[in-house]
Amino acid sequence: MAVSFDNAASTSGTAVSTLTTPAFTVTSSANVVGVLGLSLSGTTSTGFSGDIGGTAGAAIAGTDSGAAQTIRSLMFGMVAPPSGSQTGTMSWTTAFNAVLGAETVFAADQTAPFQNGTFKTGTSSPAITTLSTMIGDLTMDTIAASEAGGGSLTVAGTGQTSRWNVTFSATFQGAGGSMASADGIKISPSWTIGGVSPKFAQSVVDISPSGGGIPTMTAPRTLQFKGDMIGRRWL
Amino acid sequence: MIASGAQAVGVTSWGPITPPVGSVTVTVALDRSGLALATQNIFWAQELSTDGGLTWLPWGGAGTEPGNLVDDLLQPITESSFTVDLPAPADANTQLRGSLTTSEIVATALTVRTG
């Protein structure tokens, strides 16, 4: 069964070092995984922590854009957050403007669900990061963007769904989305950044399904039979 | 919602209030002008009722560090805040209430704005 979207909630803050989302309902379906996506207007924060419903998460390896750009994106993940009405919270040192999204999915691997975590930064639109995936995976991303004025974010990836999108100000936006791997080859979460002189930091991670994904067969396969022949029968 | 002044240590509650009908966003802002000499983080949060106060759900929260903060233009940041969307435009049954949590006596205020 493919990883499936469950629910999401988001909030934004001015000069904050903690954010908590509104309550949202986490499914009671099996194999739930939660992800927190954080967009920050600055890059010097440390000491990140996060949870959904009190289930602590950990930084998803490879997704923290750090100081690669003037804004920052990163993702936290946890396995099996509690079902029912829950909130998502992240805390850090050094207050900045921030956008926080919490998202839950189900039918996800419970041992090592977060694969291929990565980030990309740039100074042009669109923001796009490509991952190699397998059928059944769900790719999630978080983006922080900045422009000289009149900024906006518009989801642009084929099959990508925006889960939260906050135009905090003309010069800072944060958003997050998810998209399923239809062909199990490559997947490219993408956002169009409005305004002039855009900058972005985009974090992306692949969520593996419970039971493993299905790799795509990209070349003809040859079947071989080996065995001993006695008479005219294969044994 | 919490008038300006010295806030006692612990949790100070505000509300419930009824936002203007049709409101779709709520911002809860903390006045930073008295935080220069504070030493502890401050937290504030909100709850939402859509049934006239019968049931409540957590509806956003934030925390901030003490001290003087400046923006990219080195101008003092006068407030910290969080903003959330309401699940539907506010009606006569929509209510908000919340809290301010401090670990030391600090001069501040909380303001609720809707949009």
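Scroll up for the structure.
Definitions and cut-offs
- Residues numbered from 1 in each chain as written.
- Chains lettered and ligands numbered in written order.
- Predicted model: local features only at pLDDT ≥ 70, side-chain atom pairs only at ≥ 80, totals over all residues.
- Heavy atoms only, no water.
- Pairing = 2+ DSSP bridges.
- Helix = DSSP H or I, 4+ residues; strand = E, 2+ residues; numbered from the N terminus.
- Axes fitted to C-alpha atoms, helices over the stretch in contact; angles between N-to-C directions.
- Buried < 20%, exposed > 50% of the residue type's maximum accessible area, 1.4 Å probe, protein only.
- Contact = heavy atoms within 4.5 Å.

**Student:** Is there a simple way to think about the sheet that holds strand β13 (residues 138-146) of chain A in this case?
**Tutor:** Two modes of strand pairing occur in sheets, parallel and antiparallel, and in both the strands are linked by backbone hydrogen bonds. All names here are of chain A. Strand order in the open sheet formed by five strands is β10-β19-β13-β16-β15, and the pairing between neighbours is antiparallel. What marks the edges here is a single partner per strand, and that holds for β10 (114-122) and β15 (161-169). Neighbour-to-neighbour, the strand axes of this sheet turn through a mean angle of 10°, independent of strand direction.

**Student:** Which parts of the structure should I look at to understand the pairing of strand β1 (residues 4-22) of chain A?
**Tutor:** Regular strands place their side chains on alternate faces of the sheet. Bridging between β1 of chain A and strand β9 (residues 88-106) of chain A involves 13 bridges; their strand directions are antiparallel. Counterpart to Ser-10 of chain A in the pairing with β9 of chain A is Gly-101 of chain A. As paired elements, β1 of chain A and strand β6 (residues 79-85) of chain B share three bridges and run antiparallel to each other. Among the inter-strand pairings, Ser-12 of chain A is bridged to a residue of β6 of chain B, identified as Thr-83 of chain B. With four bridges connecting them, β1 of chain A and strand β5 (residues 57-64) of chain B associate as antiparallel partners. Among the inter-strand pairings, Leu-19 of chain A is bridged to a residue of β5 of chain B, identified as Ala-62 of chain B.

**Student:** How do you make sense of the side chain of Ser-65 of chain A when you look at a structure like this?
**Tutor:** Residues and elements named next belong to chain A. Following the sequence through the fold, Ser-65 ends up in the loop between β6 (58-59) and β7 (72-79). A relative accessible area of 2% means that Ser-65 is categorised as buried. Not counting chain neighbours up to four residues away, the residues in contact with Ser-65 comprise Ile-71, Arg-72, Ser-73, Phe-119, Thr-121 and Ala-201.

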